Structures are given as structure tokens and as C-alpha cells.
Amino acid sequence: MSAVQDQERTKALTRRVLWKLDIHVLPPLALLWLANFVDRTNIGNARIAGLERDTHLHGTQFNVALAIFYVSYILVELPSNWVLKKFKPSRWLPFLVAVWGTVTTLSGLVHNYSGLLAIRFFLGFCEGGLLPGIMLYLSTLYERHELQQRVGIFYASASLSGAFGGLLATAIIKMDGIGGLAGWRWIFILEGIATVMIALTSTFFLPADIKSAKFFTEEEREFALRRLRTSLGVALTAPLSEPSQRITTAEAVDPAEKENETKIEVQDTQALVVNQEDEQFEWREVLRGVKDPQVWMTAVSYMGIIISLYSFSLFLPTIVAGLGYSGSSAQLHTVPPYVPAVVLTVIVAVASDRLRWRGPFILLFLPITMAGYILAIAAKTNNQRYAAVFLIATGIYPCGPCILSILPNNSSGHYKKATAVALQLAISNCGGFVATFTYDSSQAPTYIRGHSITLAFVVVAWLAMLCNVLYCIWENRARAQGRRQDNLTKYQELWDAGKTRAPIGDRHPEFRFTL
């Protein structure tokens, strides 16, 4: 086969593999994430449909009920990612969604403040593992710079869910009085049942990994595995010295086979490959994830983004109601701001993979959100405030897939990556506590204090992301100049001492960080 023919065959196989992965993996994940976001934001819709009145909430009790969700949500993220490979993503992720769908349904039976607190706490336990799990799962199926397009697609469904949740709530509220239940109770009950159905259906479509994907032919499966491992390249290797050869090769060798033994050792000294599916859990790898400076810089940045994102989605219905709309009109007016957010999320995701940029797009779009908050603070009319909401959504939503893709791109070694991704989200989700107390009805219709607090966090997010981009540029330059070669020696010493059997991962001097 000529080089040209081989190249054409590779392109054709790549298209087939990616197409099959996309159609079998992305739709179920998009539905799971849609269900997640609808379930998380439906309490905002239920609030303006009478939840506070019927459960006798007063003061900041509604905000406390929102905040307690994040306590359990944060606690479960790291453990969930550590067990993901053992329980298989195709089972674990739908299981989490099915359980929280059940809990959401039970939310419709709440009658008082303590009941609402209990439901929200258990809901956080169920939902916490989904997003870090999805990110880790996708990084085991796609190459580093194919990832954000796919994240953008399922993340756009979250933007869409903001619109969908508002429309759905508008329809469901009309069931008020049926079965003796208030309309807001039906929001929880019906959306919870739908979530369970989505979870059960997704188990039939999601593959556990490339090896077990039934939709591949043998040729496609071998090619998909090979291309993924090739893309990870040196990050999977464990270069062997003489002491480590004694760990991995047989001690007793027949003297007559001495020549063969020499050949085997020469081959082994090039590299031992530790594939991600073979890697075993090590606390040392967990510690590597905790100590990664990119985790902390991106976590601070994502916290600022999350404060804007969560407060926007949770309190948009309240803000719209404060502009003079009520009932169905208020629900419907929450829909339009999400439209440009959905379109731009996908466009930026595609461009980000092609340019191999993550942070630079965040630095570009966050100022749009800042402009939205500044307009909201300075606004004198309801129309100006509503226009500001469009700018906020347009700037904040495309940043999500960018920041979620940074650590899967820049971390290598399964459990190091699992820890980094989950820890980033655990830290950043602390922003949920701020988001839930940023806006309250006493600020209506201007919400100047809430907008000012959120604006400050968005500025901090921009600065933290700038630091991360500069760090990646600096580290890549150091590696290109040969100033990180001692990473090989340090890793070799750990291997020889039997302290690790994980691959060298992102420590390899030839590994380059995505900006």
C-alpha cells in the first residue's frame, strides 16, 4: 500500500470512528446533562410558581436550601471520579442520574423547610459526580484536541435547558390543582420521572470504553485504540533502567537463551507502556493532581464563571419577574437570552479545537459578560436590564466548555486526571454558595448589589485564567529548551524504588500543555 493510499485509509477510518462515537455517545450524554441542568434549575421556576408560599419559607431560607445542595455536591465529586473506571462509566453515570431523578420526584412531596433542606442535600450527593465523570469519560474516548467540540455539544444542551426548563415549567404549571397538587409540585414530579427514563435509556447506548464498544467493527476498534494511544504518546511510557528491568522481566533465564534475553532487554529499555485501562489506583497520583498549579488557577477562574452561571440560571426567572412580568409571561421571557448562548457555545468549541486554544477564548468572552453586568448596574429602564441579561449569557456560556477542557488536555495518567478534573470542579463549585446568596427579592428590580458581587468574581476569573495561560506558555518554553529533562530522572527513581506503576504522564518533557 502506497503512502498516499495509507493516508487516505487513515482519514476514512478516523471519520468513521469519530462519527460512530459521536452518534452513540454524545446524544445520551447531552440528554443526561440536559436533565441535570433542568433538575437543578427547576427550583427557580418552582419558586415563582408558589414554592416559597406553600412551604412557608421566609427570609433567607430559600437561599439556604439552594446552598445546602452544594455541600454534598462538592463532597462526592472526587470519590465518584476515583471509582468511575471500576464501575464503568456506561453504568455509573446513568445510575447517578436515575437516583437523582427519583430524589427530584420526591421534591414534589415536600411540605416544609426541613423537608426541602433534606431533599436538596441528597440531590447534591446524586448530582455531584456527573460532570467530572462526563469529562473523564470523554477524555478516554477522544484525542486531546477533539475534546472541546464534543464538550461544547453537550454543554450547549445545558444552555438549551435554560430555555427548555422555562417552556416546560410554563406548560406544567397549568396542571395546578390536578390530583390536589400545586403546579410547582408537578414541575418536580414530571421532570424527575422524565430524568429517570432518560437515565435508563442511556444505559443501552453508552459504551464502557473503546474496547467494549459494540458499534465498532474489529478494524475500527483496533484503529480507535491505536490512534488514542498514539495521541497520548510519551505520556503513557515508563522508561526502564536496569533496576526496573529486574522488576518487569523474569529473573531466571536459561543460559542457552542468553542471546534472546539480551534482545528482550534492549526492547524493554526503550519504554514500558502503561495504557490508561491498565493503570491501577495510587495515592501518589491523587497527590500529583492536588499539587498541580493548573488545577488551582483554573478552579479559581471557574469559580467566578460558576457564580455568574449559577446565579444567572437560578435567579433569571426572579429577575424577569422583577422587571414586571408574571406567571407564564415571566417563564417565557427567560427563554430568549439562551439562544445566542447556545449558538456561540458550539462555534467557540469548534474553533477552540482547531486552534488548540482554551484560555484565550475565555479571556476574549468574559469581558462581554463584564459589560453585561456593568450595563445591568447602570440601567435605568427594564428594557436595558433585559438587554444586559443577553450580554451576560452570551459571554459566560461559551467559557464553560473551554475551561472544562483544559485539565483533561493538560493532565495525563488516569488517576491524576481523575483527581485534577474532580478537584477543579469541587473547588469551583464552592461558588455555588456565593451564587445562592448573591440575589434576593429585596434587591428587585435593580439587583445592583448582586450584579456588583458577581461582576467582581468575573474579573477575578479573567485574571486567574490569564495566570494559567501565562503559566502554560512558560512551562512549554521551559520544556522546549530542555529545562525539564530532570523529570525523567525523578520519575525513573520512583519507578525503580517500586513507588509507582503509573505512566509518566504530563511530567514527560515532550508533553506540551494546551493554552
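Residues numbered from 1 in each chain as written. Predicted model: local features only at pLDDT ≥ 70, side-chain atom pairs only at ≥ 80, totals over all residues. Heavy atoms only, no water.

Chemist: I'd like a description of the overall build of the protein, backed by residues and values.
Modeler: The secondary structure content of the protein amounts to 21 helices and two strands. Considering only contacts within the protein whose residues lie at least 6 apart along the sequence, 82% involve residues at least 24 apart. Carbon and sulfur atoms provide 65% of the accessible area of the protein, an area that totals close to 20800 Å². (Helix = DSSP H or I, 4+ residues; strand = E, 2+ residues; numbered from the N terminus. Contact = heavy atoms within 4.5 Å. Areas by Shrake-Rupley, 256 points an atom, 1.4 Å probe, with all protein chains shown as cover.)

Chemist: Kindly report on the packing of aromatic side chains, identifying the contributing residues and their values.
Modeler: Aromatic ring pairs: the centre-centre distance and the angle between the two ring planes describe each pair. Counted according to the given criterion, the structure contains 20 aromatic pairs. Between the aromatic rings of Phe69 and Tyr73, the centroid separation amounts to 5.2 Å while the plane-to-plane angle is 35°, which identifies the pairing as tilted. Residue Phe69 and its partner Tyr73 are located together in helix H2 (residues 61-87), separated by four residues, close to a single helical turn. Residue classification places Phe69 among the buried residues on the basis of a relative accessible area of 0%. Classification of Tyr73 by relative accessible area gives buried; the value is 1%. Lying over the aromatic face of Trp474, Arg484 brings its terminal NZ or CZ to 5.2 Å of the ring centre. Here Arg501 stacks its cationic end above the ring of Trp495, 4.3 Å away from the centre of that ring. (Phe/Tyr/Trp six-rings, centres within 6.5 Å; stacked < 30°, edge-to-face > 60°. Buried < 20%, exposed > 50% of the residue type's maximum accessible area, 1.4 Å probe, protein only. Lys NZ or Arg CZ within 6 Å of the ring centre and 35° of its normal.)

Chemist: Explain the layout of surface pockets to me, and be specific about the residues and the numbers.
Modeler: In this structure, the largest pocket spans a volume of roughly 500 Å³. Contributing to the lining of the largest pocket are 19 residues, with Arg288, Lys416, Asn487, Asp506 and Arg507 lying nearest its centre. Counting only elements with at least two residues in the lining of the largest pocket, the list comes to helix H11 (283-291), helix H12 (293-322), helix H20 (448-480) and helix H21 (486-496). Looking at the lining of the largest pocket residue by residue, the class counts come to six nonpolar, two polar and eleven charged. (1 Å grid on protein atoms, 1.4 Å probe; cavity = no way out; pocket = protein on both sides within 12 Å on 5 of 7 lines; lining within 4 Å. Points joined across faces, edges and corners; volume = space filled by probe spheres on them. Nonpolar A, V, L, I, M, F, W, Y, C, P; charged D, E, K, R; others polar.)

Chemist: Now, about the pattern of salt bridges: what can you tell me, with residues and values included?
Modeler: Per the stated rule, a full pass over the model turns up 19 salt bridges. Among the salt bridges present, the one from Glu218 reaches Arg221, with a minimum N-O distance of 2.7 Å. Separated by three residues within a single helix, Glu218 and Arg221 lie in helix H8 (residues 218-232), roughly one turn from each other. Judged by its relative accessible area of 13%, Arg221 is buried. As a salt-bridge pair, Asp506 and Arg288 come within 3.2 Å of each other at their nearest N and O atoms. Here Asp506, found in the segment after H21, pairs with Arg288, found in helix H11; they are 218 residues apart in sequence, far enough to count as distant. Residue Asp506 is classed as buried on the basis of its relative accessible area of 6%. (Salt bridge = Lys/Arg side-chain N within 4 Å of Asp/Glu carboxyl O.)

Chemist: Break down unusual backbone geometry for me, with residues and values.
Modeler: Of note, Lys88 is a non-glycine position whose phi angle comes to about 75°, a positive value. With respect to the element layout, Lys88 can be found in the loop between H2 and helix H3 (89-107). For Arg356, which is not glycine, the phi torsion reads 60° and is therefore positive. Checked against the element boundaries, Arg356 lands in the loop between helix H14 (338-355) and helix H15 (359-378).

Chemist: Kindly report on the nonpolar core, identifying the contributing residues and their values.
Modeler: If you look at the biggest cluster of nonpolar residues, it comprises 115 residues, and the most contacted ones within it are Leu29, Leu138, Phe154, Tyr302, Ile305, Leu366 and Tyr397. Take this core: its biggest share by element is 14 residues, from helix H1 (residues 3-54). With residues up to four places along the chain from it excluded, the contact list for Tyr302 reads Leu131, Tyr155, Ile403, Leu404, Gln424, Leu425 and Ser428. (Core = buried A, V, L, I, M, F, W, Y, C linked by side-chain atoms within 4.5 Å.)

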